[in-house]
Amino acid sequence: MSSLVTYQVEDGLALIGLARPPVNALGQPLREAILQACERADADAAVRAIVLYGANGLFCAGADISEFGSPASFAAPDLPDVLLRLTRLDKPLVAAIGRLALGGGLELALACGYRVGEPQTHVGLPEINLGLLPGAGGTQRLPRLVGVAPALEMMLSGAQVPAARALELGILDRLADSAGQLLDCACQFARELIASGAPARPAERFPDPASGLEADFLERYRAEQEPRWKSRLAPRLVFSAVEAACLLPLEQGLAREVALFKQAEDSLQSQAQRHVFFAEREAGKIPGIDASTPLRPIRKVAVIGAGTMGGGIAMNFINVGIPVTLLERQGDALDRGLAQIRQNYSISVKRGKLSEERLEQRMALLTGTLDYADLADADLVIEAVFEQLQIKQEVFRQLDQVCKPGAILATNTSSLDVDQIAAVTTRAQDVIGLHFFSPANVMRLLEVVNARETAADVLATTLRMGRTIGKVPVVSGVCFGFIGNRMLEPYAREAHRLVLEGATPEQVDAVLTGLDLNMGVFSMLDLAGVDVNFLVRDANRAAIAHDPSYCRIGDELYSLGRYGQKTGRGFYLYEGRNRQNDYEVVALAERLAGELHVARRPIADQEIHDRCLFMLINEGIQLLDEGIALRAGDIDLVWINGYGFPAHLGGPMHYAEQLGLDKVLAGIEHYRQSLGEYGRMWFTPAPLLERLVAAGKTRIERF
Ligand code: T1G
């Protein structure tokens, strides 16, 4: 018997434990072991029923994602075949689902006739997050178990369904009182099935999934959902598979599902999303830090500054039950900050996402103060005051005075030099950058800025804390703008210049949203604030802006007080949230172009794409070469989770690899020539890009 499963027979029950740590991923060896064990039990006359469970507690997290795109993915016995054969066993097969059954793990459970969970059990079909669809019967069996609408919701959202809801839907037949009692409960259930002469598989609740649906249900559902799918292939394939479940007998539906799955598996979008899955896990692996690195306990957090950022940051911690002391200088500012946090939660309550009780529990964890002395027992202090170096340094001088030894002192600066902030303290080893993205309680990205003196345990502690509060932490070195805003600079610079040269803000934004970015650069600047972008640009102007046309349209809007959404006017006009093109911006661009002797001309969308994206990519490659970013995948995570770059393109680095590094380099060299003096000033290929192309490499990596 394979070591990947445990096998024992007790009083007529065969207990088969999945034992492939850490998540029982259904790679070919485990698939084979499960099939052999189940067919052995089915052939054993002493066995009356079979219980399948996770030997290490967790049932199964699905197919082995590392197999996709390789022959191993459908190596015999492939998962669809294994599960089909399980459905044909003569004896009741009970899945005891501890903790998780995701993707192929839930499909494995659906191939069992019966399913038992425990209070912490969550089930789901998250394949959509990998650019895939359930490929081992989920699109055909789930609609027959719970009905078409709940099945579509689960597959298109990829969300995990908690135990109580899974029981309600009929995915679970029974709930054990605790994880510790799960196996006993499943065995008891199996004995009841034997005693009652229950069939190996109960009758399907929805044998004909389409019956009972309005004739145009699928058509309407698709029409409602399609806009949010953008150019993603997977949701459309999920929908086609469920349509097949409504139109075809099970066997034909299963065959259709395999065909659709293979189409998804081969797609560039799924390759991109599988890259993101592993990049998220790789980002937590930092040289010099491992499981032996001690972590500092974080029992109490303090946040300095009760503005939008400070309030959002504080929410992250009270959301996970960590008390926060929120400090402001003025009483009215503090009151406003506390009220805003309560208001944010109230909106969640109105939307049914939070109970009143939970709101009060969270607010009870929040203490406001005007006195630095109240920060003396904080384990982690996060400064979120005005983005000005001297102001931040003053805050850190005070923190150095009042905070206990070993407290981690973090700055939320979006671009300033963390080393210069650490230098005003006597404890630079305890200082780090924690750059949250606005809104801080929503955006998943957390840039963890590893300063020159930052201690390894401080870095390890903040990385772990970042994951605890639900962020995607990415380590950055110290430079202007770290990873994200350093790359935003050339990307936005090209966008500004293109408007001078003849494009309009809406044309530029349309090219970028056409690539499925959540927002174009100008609507993003209007949201973040034309003034905020100006102040950041101005702080760095001396270092980089040798060009009189450098972001001049943004400078002019700033001088006109057109800060974007907050003033109702920026690159666009705003009536509430309704955005209108502002032809005065075009007139402004024409005037500035005349003054700056910038020739205006019609600009093709392809030029907008290439100039904005190639400069974004070029800067990312430069960051890698400088060691500011540890790996290309980290850069991808920054732009997916902080700037709305589509995961189905894999992030700017992965996108460059799919375009072809040689094409990116050729494009940069083309604009270096064709844009005259401006091109020669700005379109300088990163040396690493040149080296990669010269070496014929297709992946972006340091060498
Ligand atoms: N395949 C391969 N490796 C996996 C894996 C998987 N399904 N899930 C996790 N790992 C690795 C992960 O890379 C990491 O490795 C380690 O396990 C711990 O993971 C046919 C087509 C289960 C919620 O999408 O969501 O089934 O970095 O750090 O935070 O229809 O892992 O240690 O070397 O994430 O406790 C569908 C993916 C697959 C679930 C646990 N299933 N996994 O989170 O640990 S497609 C999924 C997760 C499919 C079928 C289809 C999470 C988790 P390393 P971790 P965690």
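Predicted, not measured: the structure shown is a model, and the values here were computed from it.

What counts and how
Residues numbered from 1 in each chain as written. Predicted model: local features only at pLDDT ≥ 70, side-chain atom pairs only at ≥ 80, totals over all residues. Heavy atoms only, no water. Pairing = 2+ DSSP bridges. Helix = DSSP H or I, 4+ residues; strand = E, 2+ residues; numbered from the N terminus. Contact = heavy atoms within 4.5 Å. Axes fitted to C-alpha atoms, helices over the stretch in contact; angles between N-to-C directions. Near = heavy atom within 4 Å. Polar contact = N/O pair within 3.5 Å; in protein donor to acceptor, adjacent residues only side chain to side chain. Areas by Shrake-Rupley, 256 points an atom, 1.4 Å probe, with all protein chains shown as cover. Nonpolar A, V, L, I, M, F, W, Y, C, P; charged D, E, K, R; others polar.

(A) The arrangement of the sheet that holds strand 5 (residues 100-102) in detail. Strand order in the open sheet made by the 3 strands is 5-7-8, with mixed pairing throughout. Lying at the two open borders of the sheet, with one neighbouring strand each, are strand 5 and strand 8 (161-162). Here strand 7 (residues 122-124) pairs with strand 8 via 2 bridges, running antiparallel. Across the sheet, residue valine 123 finds its bridge partner in strand 8, namely valine 161. The sheet strands contacting helix 3 (residues 104-111) are strand 5 and strand 7, and the helix crosses strand 5 at an angle near 100°.

(B) A look at the site of the ligand. For the ligand, the set of nearby residues contains 25 residues, the closest of which are Ala61, Ala63, Gly104, Glu107 and Arg281. Between a nitrogen atom of the ligand and a main-chain N or O atom of alanine 61, the distance comes to 2.8 Å. Glycine 135 places a polar main-chain atom, nitrogen or oxygen, 2.8 Å from an oxygen atom of the ligand. Contact with the protein chains covers 71% of the free accessible surface of the ligand, which is 990 Å². For the shell around the ligand, the element with the highest residue contribution is helix 11 (residues 268-282), accounting for 3 residues. Of the residues that constitute the shell around the ligand, the class distribution is 16 nonpolar, 4 polar and 5 charged.

(C) Spotlight on the sheet that holds strand 6 (residues 114-117). Spatial ordering of the open sheet is given by 1-2-3-4-6-9, a layout of 6 strands whose pairing is mixed. Each edge of the open sheet carries a strand with a single partner, namely strand 1 (5-10) and strand 9 (174-175). Sheet topology note: the strand 2 (residues 13-18)/strand 3 (residues 49-54) ladder contains 6 bridges and is parallel. The partner of alanine 14 across the bridge, within strand 3, is isoleucine 50. Docked against the sheet, helix 1 (residues 28-43) engages strand 1, strand 2 and strand 3, running at close to 10° with respect to strand 1.

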